[in-house]
Amino acid sequence: GQVLPTGRLLILADIVSEGMGALQFVRFKLKPLLTARFSHIPHFIIGDPSGAYRAQTDERSVFDILKAEGFNVRGAKTNNISPRLAAVDNFLMGLAMDGLPRLLIDPGAVNVIRALRGGYRFKAKKDGEFDNTPEKNSHSHVADALQYLCLHADGGRTFGDLNGFGPARREIKLASSKAWT
């Protein structure tokens, strides 16, 4: 994605894989896409904060692999679902400074489009209510990536400083309990 000075977020492409490790994904999917279509645009990666955790098999994290392949990698400010969903809503529902939609998705980004068209969803329970967490399916990783991108592109304007779990803390002043007795 690319954020324009007007506040618009452009989704220019997407890529997915199944059964492919991080190193193979970078070398055979990500780098070829960036080289072919976006070599003139500076880029960095915003990832799930858990990408910094090391694997037990080789003691390298996904972030370590990306950095070794030459990428600037940053973990998202939070993995909390509420601000992530709100960040996407903020871009979907808002208008940029130029009066145009804040989020523009290239028609070739079919995985993001499929996720937004209902592939990414909350599972219905037997009582007709919905789970509090999204269903894990083929669309969930793409939707998660969009959420991390929107959360980062917002720059903290909407949600404050998300150092883990929500908006910046405000000072709480204790009041005398005498007023309530």
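All residue numbers here refer to positions counted from 1 along the written sequence of the relevant chain. Local features in a predicted model are, by the rule used here, given only for residues with pLDDT of at least 70; side-chain atom pairs are given and counted only at 80 or more, and totals for whole chains, interfaces and linings are based on all residues. As a rule here, side-chain values come from all non-hydrogen atoms in the structure, and water together with hydrogens is ignored.

Bringing the packing of aromatic side chains into the picture now. When the centres of two rings from Phe, Tyr and Trp lie within 6.5 Å, Trp using its six-membered ring, the rings pair. Their planes under 30 degrees apart give stacked, over 60 give edge-to-face, and anything left gives tilted. With the rule as written, the count across this model stands at 0 aromatic pairs. Positioned over the ring face of Phe44 is Arg74, at 4.0 Å from the centre of the ring. Charge-over-ring placement is defined geometrically: NZ (Lys) or CZ (Arg) within 6 Å of the ring centre, and within 35 degrees of the ring normal. The ring centre of Phe91 lies 4.0 Å from the NZ or CZ of Arg102, which sits over that ring.

This part takes up helix H1 (residues 22-37). The helix and strand labels rest on DSSP assignments: H or I over at least four residues marks a helix, E over at least two residues marks a strand, and numbering proceeds from the N terminus. To estimate how far a helix should reach, multiply one less than its number of residues by 1.5 Å. The first and last C-alpha atoms of H1 sit 21 Å apart over 16 residues, in line with the 22 Å expected at 1.5 Å per residue. Of all the bends in H1, the greatest reaches close to 35° and is centred on Leu30; the proline Pro32 follows between one and four positions later. Along H1, the residues that are buried comprise Val26, Leu30, Leu33 and Leu34. Any two residues having at least one pair of non-hydrogen atoms within 4.5 Å are treated as being in contact. Turning to H1, the residues buried within the fold contact strand S3 (45-47) and helix H2 (62-68). To get the bend at a given residue, fit one axis to the seven residues ending there, fit another to the seven starting there, and take the angle between those axes. Burial classes: relative accessible area under 20% of the type maximum marks a residue as buried, over 50% as exposed, and values in between as partly exposed (1.4 Å probe, protein chains only).

So, on to the side chain of Arg84. As for its position among the elements, Arg84 is in helix H3 (residues 81-93). On the basis of relative accessible area, Arg84 is assigned to the buried category, the value being 6%. Side-chain polar atoms of Arg84 contact the side chain of Asp144, separated by 2.8 Å. Ignoring sequence-local partners within four residues, the contact set of Arg84 consists of Thr78, Asn79, Asp144, Gln147, Tyr148 and Leu151. Here a polar contact is recorded for every N or O atom pair within 3.5 Å, except that within protein the pair must consist of a potential hydrogen donor and a potential acceptor, and residues adjacent in sequence are included only if both atoms are side-chain atoms.

Note: pLDDT gives the predictor's confidence per residue, expressed from 0 to 100. Residues of the chain with pLDDT of at least 70 account for 81%, and the chain-wide mean is 82. Within the chain, the lowest mean pLDDT, 70, falls on strand S1 (residues 2-3), and the highest, 96, falls on helix H4 (residues 110-119). Within the model, the stretch residues 162-181 combines pLDDT values under 50 with 18 contacts to residues more than four positions away or in other chains.

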